[in-house]
Amino acid sequence: MADKTRFLDKDYTRRQFLKLSGKSLAGLALSSSMLSVMGVTAQAVAEGKVTTWAFPQGLLVVNADKCVGCQRCEINCTLTNDGCCSSYISRVKVTRNLYSSRNGNGLYTENNWVYFPDTCRQCADPACGNACPMGAIYAGEDGIRRVDAEKCVGCGACTQACPWHMPTVNPATKKSSKCVMCGACVEGCPSGALSIVLWDDVTAAAQQV
Amino acid sequence: MSVLNGINGWAGTVLRVNLTTGSITREDTLPKYKDYIGGMGLGYKVIFDEVPLDTDPLSEASKVVFAVGPLTASGVPCSGRMNVSFLSCWSKGYSIIDAHMGGHIAHAFKYAGYDAMIVEGQSAAPVYIKIEDEKVSIEDASHVWGKGTFEANATLAKENGDEFDVVSIGQAGENLVPMSCMVTSFGNSGGGGVGALLGSKKVKALVVRGTGAVKVARPTEVRLLSNYMIKELVGGNNNHPVPTYPQSWAEYSATSANRWAGAPHIHWEKAPGGPISAGEQPVGQINVAAMRCNKGVFDFGEISTKYTVKVGGCSSCPVRCYTEYDMDPLADYDLPTHVSNTCMPIIKMAEWYPEGTKDFVDEGDAKMILGGAGARAADEYGVWCNYGNLYEDFNMAYTTGVLQDVIPEDEWNEIPWDLMKDGDPRWVYECYRRIAMKEGVFSDLGLGTYRLYEKWGMDDASKNVAGVNFYDFVHGKNFNIGHNGYPRHHGPENCWQAGTLYSMMYNRDCMVHHMINVTSNGAPFEAVNKRVMEHFFGEGCFDKQKAYTPINENKIKVAKWAFNGKQWHDSATLCNWMYPMTISPSKQREYIGDLDLDAKYMSAVVGEDYTREDIEFMSERISQLLRAMTAISFKLNLDSSNLRQDHDKVSDWVFDKEPDFKPFEEGTVKLDREDWEKSLDMFYEAMGWDKETGIPTRETLEKFGLADAADKLEELGLI
């Protein structure tokens, strides 16, 4: 919570959002202008329905309440990055939360209507990269961690090491892959459950009280 | 999976599961089935080749074919459908029919690496079929046998793991009730009596996980075409192209209530994080497409928003036609409050309450709350409603006195009629429970209209207490399009001769939405609908509601386009509620849709050039096979040699309703008998069928490579 408490000051920066990537914003008191630019309500934040990721293009906002389970995020991810259509190897994951997820949510649980997309946190100290015996997971100048397909041997150590099991070894190519923050999932989301707020807009909202 | 075998679009493998022997084998898809596309076409080819059409549908020799197509899970929007083909156990002639299922299981199945699964034989004990990529097994299902579909799905999902999807039958299927279905996701179902066929094989469920991928020839093109479709061609559910409520960007709003009910004042009130507004949804914006359809508002009015959590639907579809409700008032009756459904199973539940309903909390909420109870109950027990005929039959039998006449006094006195009279939601559970458990004469309703009318004498005015033939009964609630046991699925009531023609062509309700998506879409008649339809099909092809005109060549073109097009959609597979993209919501496009889009998708996914004409030819092959199989079944099972007389006979009420009007007068939707006979002549000619018998000629069948079907017809003396 220390990160979140400090976040209450008005210095909204990409660095601060990086610390929160993939974490629910519950517990944060966001200003009305910040709520507005993110397209969410204080209640949705308080209920833990809103999660953000710091992407180079802007702040990725996931509003679980708006996710309609269509899986178009996975479809657009794999058409863009893999030249095929798949759920399992998608870098954004919604199908594994759709049926009966390990969190007790999904269509076949008591919380039938709770399902949402999830993706790589781009951790500062990445368990996936640390676990890779081939040193195949590297951070580029943009800070995005990618898998070097030349080095990857498809051992799955990254999948096991990641607390959220985000990197996925493609059964066909035997290579791991993970989110490269391309934004295809956001572009194709038909409900706005996934959206990107440009950093300039985040900064502008932060400067308003 | 296709990424391994190099095939684009198709997965490349057909799975065969024999429950008698336990053998599980695989065959290549394309050599035998490419001409039949997939889905419905593939299923019909399997049944034609492997199951004699006089086979008892519930016997060991009967087969059930689950199938998807080359576009399923290819990234193409609205490609989340699975088609299931089998012999009907309830409609006249006991011929070929389909169940059509949405949800998410079609994607899971395709990702697992299969285009189809042929289920044959019979198991001695309850089983479920488990598919995890190349690992396929027959598993013990004794612990879920006897359970409702929600519990069965939850149990099997939990046991198998969090990436498994499930579809199961309920008690209705287990007890071989003809009016039975299978249920997946949360209220997505496939009907047609498939529950009874699976029940006869002792198959409780299919459990699927697929970690593979569908190989796509031109993935960027598929993504760009999808974006183009969602931005410029898609409207609300049933592709209604104008918003119900005026929006600032829109030239038109709906002239009558339609299925694009999302608007700034329409909220998902029960979203856990507080109400979510549907906002405005301008053309050109992908990220608001899912907010357009608010089916709850269309079905029940704005009161529905009070209980709406979010909207749902099928894999890959940006238009969410299911509303996901949490209906608190049901908790007062110890009933589940979570409900997700769309269309018939939820909107017509008041038919189970022929003496009226009572509101629960708010004025006008009875239809919705009872609808929620009924949808949940039908899915729980796995009962199929035959597109509403189930409860229309109940309603008509009750109100005419037939029901009380046929049910023995002891049983009648034991039925809790007070629940019905009180408008209690537990009544509809009671109805479905009795049907699913085959309890008493009441449960005959589950036989389906054809067998029910025969058993209760409702097909003969001299054999029932009401003194009418219920097929022909001029009654506001009579949906029977003919005497075959199934209703119209948008026929004469709003799609004139065209809708009546294709409503007659199947062995269950037709499930064709080509026309209703235009006739009831809320767009202005002259400025949009008539102009665009005539752009595609020529002058005079399209009638105004309640102002029908005599049949003409261009109307026949429309009927044939719709009939063949439905076969394409259930084979590709694409959702026929959304496709084809006939009318666009875009003013810049002058509201003209894109009927070539399906061929563009097929070309981009498969990597071979397909034109609209290619697609229509392949689809017509399936139409011809359907017709030939229907003729064979009618001969073998009813000794009928004439489909025109014995299959395509339209009910009298279609011509005799609204006696104050003559046909073609403004204000009525009744048809004219002489014009109908002319319509059949013209349609048969357009299809290459004999005008006297309505059976395809050899020349027609050979044109589509169906010489084997012609041989069979000739062997039976039908051609």
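Residues numbered from 1 in each chain as written. Chains lettered and ligands numbered in written order. Predicted model: local features only at pLDDT ≥ 70, side-chain atom pairs only at ≥ 80, totals over all residues. Heavy atoms only, no water.

1. Quick look at the overall build of chain B
Here is step 1: Each helix and strand counted, chain B has 28 helices and 20 strands in total.
Here is step 2: Against the 2.2 N^0.38 benchmark of 27 Å for 719 residues, chain B shows a C-alpha radius of gyration of 24 Å, consistent with a compact globule.
Here is step 3: Along the three orthogonal principal directions, the C-alpha set of chain B runs to about 65 × 65 × 60 Å.
Here is step 4: The buried share among the 719 residues of chain B stands at 68%.
Here is step 5: A separation of at least 24 residues holds for 67% of the contacts in chain B among residues at least 6 apart in sequence. (Helix = DSSP H or I, 4+ residues; strand = E, 2+ residues; numbered from the N terminus. Rg over C-alpha atoms; globule rule 2.2 N^0.38 Å. Buried < 20%, exposed > 50% of the residue type's maximum accessible area, 1.4 Å probe, protein only. Contact = heavy atoms within 4.5 Å.)

2. Some details on the environment of glycine 83 of chain A
Here is step 1: Of note, glycine 83 of chain A is situated in the loop between α5 (72–81) and β4 (84–85).
Here is step 2: Glycine 83 of chain A sits 56 residues away from glycine 27 of chain A along the chain, and the two C-alpha atoms are 40 Å apart.
Here is step 3: Not counting the four nearest positions on each side in its chain, glycine 83 of chain A is found in contact with Thr78 of chain A together with Val216 and Pro219 of chain B.

3. Section: a negative patch on the surface
Here is step 1: Among the surface-exposed residues, Asp596, Asp609, Glu613 and Asp614 of chain B lie close enough to one another that they form a single negatively charged patch.
Here is step 2: Looking at the secondary structure, you find aspartate 596 of chain B in the loop between β20 (592–594) and α22 (597–606). (Patch = residues over 30% accessible without salt bridge, like charges linked within 9 Å, V, L, I, M, F, W, Y side chains within 5 Å. Areas by Shrake-Rupley, 256 points an atom, 1.4 Å probe, with all protein chains shown as cover. Salt bridge = Lys/Arg side-chain N within 4 Å of Asp/Glu carboxyl O. Lys, Arg positive; Asp, Glu negative; His and termini not counted. Charge placed at Lys NZ, Arg CZ, Asp CG, Glu CD.)

4. Here we look at the sheet that holds strand β3 (residues 58–63) of chain A
Residue and element names in this part refer to chain A.
Here is step 1: Sheet architecture is open: four strands sit in the order β1-β2-β3-β11, paired in antiparallel fashion. Here the strands that pair on one side only, and so sit at the sheet edges, are β1 (23–24) and β11 (194–198).
Here is step 2: One ladder, built from six bridges, connects strand β2 (residues 50–55) with β3; its direction is antiparallel. When the sheet's bridge partners are listed, threonine 52 is paired in β3 with valine 61.
Here is step 3: Relative to the sheet, helix α10 (residues 199–207) contacts β2, β3 and β11, its axis offset from that of β11 by approximately 70°. (Pairing = 2+ DSSP bridges. Axes fitted to C-alpha atoms, helices over the stretch in contact; angles between N-to-C directions.)

5. Concerning the domain arrangement of chain A
Here is step 1: Under the domain assignment used here, chain A contains domain 1 (2–65 + 191–207) and domain 2 (123–178).
Here is step 2: Each of domain 1 of chain A and domain 2 of chain A has a C-alpha centre, and the two are 27 Å apart. (Domains from an automatic or database assignment.)

6. Focus: the pairing of strand β12 (residues 203–209) of chain B
All names here are of chain B.
Here is step 1: When you tally the buried positions in β12, you get seven out of seven residues, the bulk of the element.
Here is step 2: Sheet topology note: the strand β7 (residues 127–132)/β12 ladder contains six bridges and is parallel. From the neighbouring strand, isoleucine 131 faces β12, where its bridge partner is valine 208.
Here is step 3: Summarising the sheet, strand β9 (residues 165–169) and β12 pair through four bridges and their orientation is antiparallel. Residue aspartate 165 lies in a different strand from β12, and its bridge partner there is valine 208.

7. Observations regarding the interface of chain A and chain B
Here is step 1: Counting residues at the interface gives 46 residues for chain A and 64 residues for chain B.
Here is step 2: Note on chain A versus chain B: buried area summed over both sides is about 4200 Å², and carbon and sulfur give 56% of it.
Here is step 3: The interface formed by chain A and chain B includes one salt bridge.
Here is step 4: Across the pair arginine 223 of chain B and glutamate 187 of chain A runs a salt bridge, and its minimum N-O distance is 2.9 Å.
Here is step 5: Inspection of the chain A/chain B interface yields 32 residue pairs in polar contact (both at pLDDT 80 or more).
Here is step 6: Counting only elements with at least two residues in the side of chain A that touches chain B, the list comes to α4 (42–46), α5, β4, α6 (95–98) and α9 (184–187) of chain A.
Here is step 7: At five residues, α5 of chain A tops the list of elements feeding residues into the side of chain A that touches chain B.
Here is step 8: Residue composition of the side of chain A that touches chain B, by class: 22 nonpolar, 15 polar and nine charged.
Here is step 9: As paired elements, β4 of chain A and strand β13 (residues 214–215) of chain B share two bridges and run antiparallel to each other. Each bridged residue has a counterpart across the sheet, and for cysteine 85 of chain A the counterpart in β13 of chain B is valine 214 of chain B. (Buried area = accessible area lost by both parts, 1.4 Å probe. Polar contact = N/O pair within 3.5 Å; in protein donor to acceptor, adjacent residues only side chain to side chain. Nonpolar A, V, L, I, M, F, W, Y, C, P; charged D, E, K, R; others polar.)

8. Digging into the pattern of salt bridges
Residues and elements named next belong to chain B.
Here is step 1: Within the structure shown, the criterion is met by 53 salt bridges over all chains.
Here is step 2: The salt bridge involving lysine 477 is made with glutamate 351; its shortest N-O contact spans 3.5 Å. Remark: glutamate 351 occurs in the loop between α10 (344–347) and α11 (366–381) and lysine 477 occurs in the loop between α17 (449–456) and α18 (492–503); sequence separation between them is 126 residues.
Here is step 3: Since its relative accessible area comes to 10%, glutamate 351 is described here as buried.
Here is step 4: Between lysine 566 and aspartate 570 there is a salt bridge, with the nearest N and O atoms lying 2.8 Å from each other. Remark: aspartate 570 and lysine 566 occur in helix α21 (residues 553–572); sequence separation between them is four residues, near one turn of the helix.

9. Observations regarding the side chain of serine 74 of chain B
Here is step 1: Among the structural elements, serine 74 of chain B can be located in the loop between β3 (63–67) and β4 (82–87).
Here is step 2: In this structure the side chain of serine 74 of chain B is engaged in a polar contact, spanning 2.7 Å, whose partner is the backbone oxygen of leucine 71 of chain B.
Here is step 3: A distance of 3.4 Å separates the side chain of serine 74 of chain B from the backbone nitrogen of valine 76 of chain B, its partner in a polar contact.
Here is step 4: In contact with serine 74 of chain B, not counting residues within four places along its chain, are Leu79 and Cys85 of chain A together with Ser79, Val214, Val216, Val222 and Val605 of chain B.

10. Some thoughts on the domain arrangement of chain B
The parts lose accessible area when they come together, and the size of an interface is often stated as this lost area.
All names here are of chain B.
Here is step 1: Per the domain assignment, the segments making up chain B are domain 1 (2–209), domain 2 (219–319), domain 3 (325–385 + 388–463) and domain 4 (487–579 + 611–719).
Here is step 2: For domain 2 versus domain 3, the separation of C-alpha centres amounts to 31 Å.
Here is step 3: Opposite the eleven residues of domain 2 that make contact, domain 3 presents 16 residues.
Here is step 4: Both sides of the domain 2 and domain 3 interface together cover about 1200 Å² of buried area, and 58% of this is carbon and sulfur.

11. Looking at α10 of chain A
Residues and elements named next belong to chain A.
Here is step 1: Considered for burial, the residues of α10 that qualify are Trp199, Val202, Ala205 and Ala206. For α10, the angular spread of the buried residues around the axis is 125°, confining them to a single face. What points out from α10, more than 90 degrees from its buried face, is the exposed set Asp200 and Gln207.
Here is step 2: Those residues of α10 that are buried are in contact with α2 (14–20), α3 (32–38), β2, β3 and β11. (Arc of directions from axis to C-beta.)

12. Quick notes on the environment of valine 94 of chain A
Here is step 1: With respect to the secondary-structure elements, valine 94 of chain A resides in the loop between β5 (92–93) and α6.
Here is step 2: Ignoring sequence-local partners within four residues, the contact set of valine 94 of chain A consists of Cys67, Gln71, Cys73, Glu74, Phe116 and Pro117 of chain A.

13. What to know about the confidence of the model for chain A
Here is step 1: Mean pLDDT over chain A stands at 89; residues scoring 70 or higher make up 94%.
Here is step 2: Considering only residues more than four positions removed or in separate chains, one finds that residues 1–6 of chain A, a stretch of pLDDT under 50, has nine contacts. (pLDDT = per-residue confidence, 0-100.)

14. Observations concerning the sheet that holds strand β18 (residues 338–341) of chain B
Residues and elements named next belong to chain B.
Here is step 1: The strand order across the open sheet formed by three strands is β16-β17-β18, and the pairing between neighbours is antiparallel. Looking at the sheet topology across the chains shown, the edges are occupied by β16 (308–312) and β18. Within this sheet the neighbouring strands show an average axis-to-axis angle of 20°, counted without direction.

15. Topic: unusual backbone geometry
Here is step 1: Cis geometry marks the peptide bond from alanine 572 of chain B to threonine 573 of chain B, where omega comes out at -10°.
Here is step 2: Structurally, threonine 573 of chain B is set in the loop between α21 and β19 (581–583).
Here is step 3: Of note, the bond from tyrosine 579 of chain B into proline 580 of chain B is cis; its omega dihedral lies within 30 degrees of zero at -5°.
Here is step 4: Its location among the elements puts proline 580 of chain B in the loop between α21 and β19.
Here is step 5: Backbone geometry places methionine 181 of chain A, a non-glycine residue, at a positive phi of 60°.
Here is step 6: Residue methionine 181 of chain A is classed as buried on the basis of its relative accessible area of 5%.
Here is step 7: Phi angles above zero are rare outside glycine, and asparagine 386 of chain B is one such case at about 55°.
Here is step 8: With respect to the helices and strands, asparagine 386 of chain B occurs in the loop between α11 and α12 (389–399).

16. Focus on the nonpolar core
Here is step 1: Among the nonpolar cores identified, the biggest contains 226 residues, and Ile131, Trp352 and Tyr432 of chain B are the most heavily contacted of them.
Here is step 2: With ten residues, helix α23 (residues 612–638) of chain B is the largest single contributor of residues to this core.
Here is step 3: In this structure, isoleucine 131 of chain B is in contact with Leu15, Phe109, Ala112, Tyr114, Met117, Val136, Phe164, Leu206, Val207, Val208 and Arg209 of chain B, ignoring residues within four places of it in sequence.
Here is step 4: Core analysis: the next-biggest nonpolar cluster, separate from the first, contains 37 residues, Leu60 and Val62 of chain A together with Phe150 and Val207 of chain B among them. (Core = buried A, V, L, I, M, F, W, Y, C linked by side-chain atoms within 4.5 Å.)

17. As for the packing of α21 of chain B against helix α26 (residues 673–687) of chain B
All names here are of chain B.
Here is step 1: Where α21 contacts α26, the axes come no closer than 10 Å and their chain directions differ by 60°. The angle between α21 and α26 falls in the class oblique. Crossing handedness for the pair α21 and α26: right-handed. Across from Glu553, Ile556, Ala559, Lys560, Phe563 and Asn564 in α21, the residues of α26 making contact are Ser679, Met682, Phe683, Ala686 and Met687.
Here is step 2: Tallied by class, residues from the contact of α21 with α26 come to seven nonpolar, two polar and two charged. (Parallel < 35°, antiparallel > 145°, perpendicular 65-115°, else oblique. Left-handed = near helix turned anticlockwise from the far one by under 90°.)

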